[in-house]
Amino acid sequence: MGVMRLARIAHTEGICFAIIEKSDDGSLIAKEISGTPFTPPEPTGREWPVDDVRLLSPSLPTKVVALGRNYADHVEEVFKQSSDSLPPTFFLKPSSAVVGPGAAIKIPDFAKKVEFEGELAVIIKKVSKNIRAENWRDHVLGYTICNDVSSRELQHSDGQWTRGKGIDTFCPLGPWIETDLDTVNLDDQKINAYLTHDGEREQKQDSNTNLMIIKMGEILEKISASMTLLPGDVITTGSPAGTAEMVPGDTIEIEIPGIGTLSNPVAEA
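Residues numbered from 1 in each chain as written. Predicted model: local features only at pLDDT ≥ 70, side-chain atom pairs only at ≥ 80, totals over all residues. Heavy atoms only, no water.

1. Things to note about the overall build of the protein chain
Stage number 1. Counting secondary structure elements, the protein chain contains four helices and 19 strands.
Stage number 2. Projected onto its principal axes, the C-alpha coordinates of the protein chain cover approximately 55 × 45 × 30 Å.
Stage number 3. Buried positions account for 54% of the 269 residues belonging to the protein chain.
Stage number 4. If you take every contact in the protein chain between residues at least 6 apart in sequence, the share linking residues at least 24 apart comes to 70%.
Stage number 5. Of the roughly 11,500 Å² of accessible surface on the protein chain, 48% is carried by carbon and sulfur atoms.
Stage number 6. Averaged over its 26 positive side-chain charges, the protein chain has a centre that lies 5 Å from the centre of its 40 negative ones. (Helix = DSSP H or I, 4+ residues; strand = E, 2+ residues; numbered from the N terminus. Buried < 20%, exposed > 50% of the residue type's maximum accessible area, 1.4 Å probe, protein only. Contact = heavy atoms within 4.5 Å. Areas by Shrake-Rupley, 256 points an atom, 1.4 Å probe, with all protein chains shown as cover. Lys, Arg positive; Asp, Glu negative; His and termini not counted. Charge placed at Lys NZ, Arg CZ, Asp CG, Glu CD.)

2. Re helix H1 (residues 72-79)
What sets the pattern is the α-helix's 3.6 residues per turn: residues three or four places apart point alike.
Stage number 1. Residues His74, Val75, Val78 and Phe79 constitute the buried set of H1. For H1, the angular spread of buried residues about the axis comes to 105 degrees, placing them on one side.
Stage number 2. Considering only its buried residues, H1 is in contact with helix H2 (152-158).
Stage number 3. Immediately downstream of H1, the backbone of Lys80 shows phi near 60 degrees, a positive value. (Arc of directions from axis to C-beta.)

3. Focus: the packing of aromatic side chains
Stage number 1. Enumeration according to the criterion identifies one aromatic pair in this entry.
Stage number 2. With a centroid separation of 5.1 Å and an interplanar angle of 70 degrees, the aromatic rings of Phe91 and Trp161 are classed as edge-to-face. In this pair, Phe91 is assigned in strand S7 (residues 89-93) and Trp161 in the loop between H2 and helix H3 (162-166), connecting sequence segments 70 residues apart.
Stage number 3. One Lys or Arg, Arg201, reaches over the ring of Tyr194 and ends 4.0 Å from the middle of that ring. (Phe/Tyr/Trp six-rings, centres within 6.5 Å; stacked < 30°, edge-to-face > 60°. Lys NZ or Arg CZ within 6 Å of the ring centre and 35° of its normal.)

4. Some points on empty space enclosed by the protein
Stage number 1. Applying the stated criterion across every chain, the model contains one cavity of 30 Å³ or more.
Stage number 2. If you add up the space inside the largest cavity, you get close to 90 Å³.
Stage number 3. If you trace the largest cavity, you find 17 residues lining it, with Gly68, Arg69, His74, Glu117 and Lys165 closest to the centre.
Stage number 4. Put simply, the parts of the chain that give the lining of the largest cavity at least two residues each are strand S6 (64-68), H1 and H2. (1 Å grid on protein atoms, 1.4 Å probe; cavity = no way out; pocket = protein on both sides within 12 Å on 5 of 7 lines; lining within 4 Å. Points joined across faces, edges and corners; volume = space filled by probe spheres on them.)

5. Examining the layout of surface pockets
Stage number 1. The calculated volume of the second largest pocket comes to roughly 160 Å³.
Stage number 2. Along its surface, the second largest pocket is lined by Phe79, Thr89, Phe90, Phe91, Leu92, His156, Gly159, Gln160, Trp161 and Thr162.
Stage number 3. Take the lining of the second largest pocket: its biggest share by element is four residues, from S7.
Stage number 4. Within the lining of the second largest pocket, the residues separate by chemical class into five nonpolar, five polar and no charged. (Nonpolar A, V, L, I, M, F, W, Y, C, P; charged D, E, K, R; others polar.)

6. Focus: the environment of Pro58
Stage number 1. As for its position among the elements, Pro58 is in the loop between strand S5 (54-56) and S6.
Stage number 2. Between the C-alpha atoms of Pro58 and Gly260, which are 202 residues apart in sequence, the distance is 13 Å.
Stage number 3. For Pro58, the residues in contact, after removing those within four places along its chain, are Leu6, Arg8, Phe17, Thr144, Leu173, Gly174, Trp176 and Ile177.

7. Structural notes on the environment of Lys63
Stage number 1. You can see Lys63 is positioned in the loop between S5 and S6.
Stage number 2. Separated by 167 residues in the primary sequence, Lys63 and Leu230 place their C-alpha atoms 8.6 Å from one another.
Stage number 3. If we ignore the near neighbours within four places in the chain, the residues touching Lys63 are Lys93, Met227, Thr228, Leu229, Leu230, Asp233 and Val234.
Stage number 4. Of the polar contacts made by the side chain of Lys63, one reaches the side chain of Asp233; its length is 2.7 Å. (Polar contact = N/O pair within 3.5 Å; in protein donor to acceptor, adjacent residues only side chain to side chain.)

8. With respect to the pairing of strand S15 (residues 190-197)
Stage number 1. In terms of burial, S15 is largely enclosed, as six of its eight residues are buried.
Stage number 2. Here S15 hands over to strand S16 (residues 200-208) after two residues, with Asp198 in that stretch at a positive phi of 55 degrees.
Stage number 3. Where S15 and strand S18 (residues 251-256) come together, five bridges link them in antiparallel fashion. Pairing of Ala193 across the sheet is with Ile254, part of S18. (Pairing = 2+ DSSP bridges.)

Next comes the structure, spelled out in structure tokens:
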């Protein structure tokens, strides 16, 4: 399969996977493919302007395996401790938390101090177990963006993170899968996040993947030593500092140059 951007879209006749390409005038076109992104894509001949379709979560994972405390500055901002005493840790977000671009992050009344976390994520392309760090690219279909939405009060009071990070809609993914793995320089890749509150847009996260404590190969090696990863599963690599509380009426945009922007409004559940 060649290098491309792969999306999952809703159009007037249903839902499908599609290749996202630029037209001659610079606008984006969604070209339907049969099957899934995990087999050689076969265009059906049907296509639509991206503005005329709805982008959905680009993957339907059986699980989202997330890495917490992988940026030292974020550890200090959330836990008020150093990363030496609180090393990186893994946790799961349920598939029911996944939503796509533009879908509302819905905050229930029991979730307090809900914050966004802009993160780089990868999509697994085949059944994978015991991945070797140096071979991680062989197992990855491409990159996407994750917003690891977190209720800080539940995260801290529960003592483990399943409920505070696993609420319905608390895992926006998108806008698509960038399959060109060379598009992202993991040693120097910007991660930006913008919060719009009361009409004022402010940059909150302004960071770089070069600050990750555990790098991509080691992340996939450690996870796959414990659990088998399946096609479509999402691995998200941790949040840098700059996370902030968001409330209904806000909009949060996560931008990773080379991939795109994941934007979601915030609403009451």
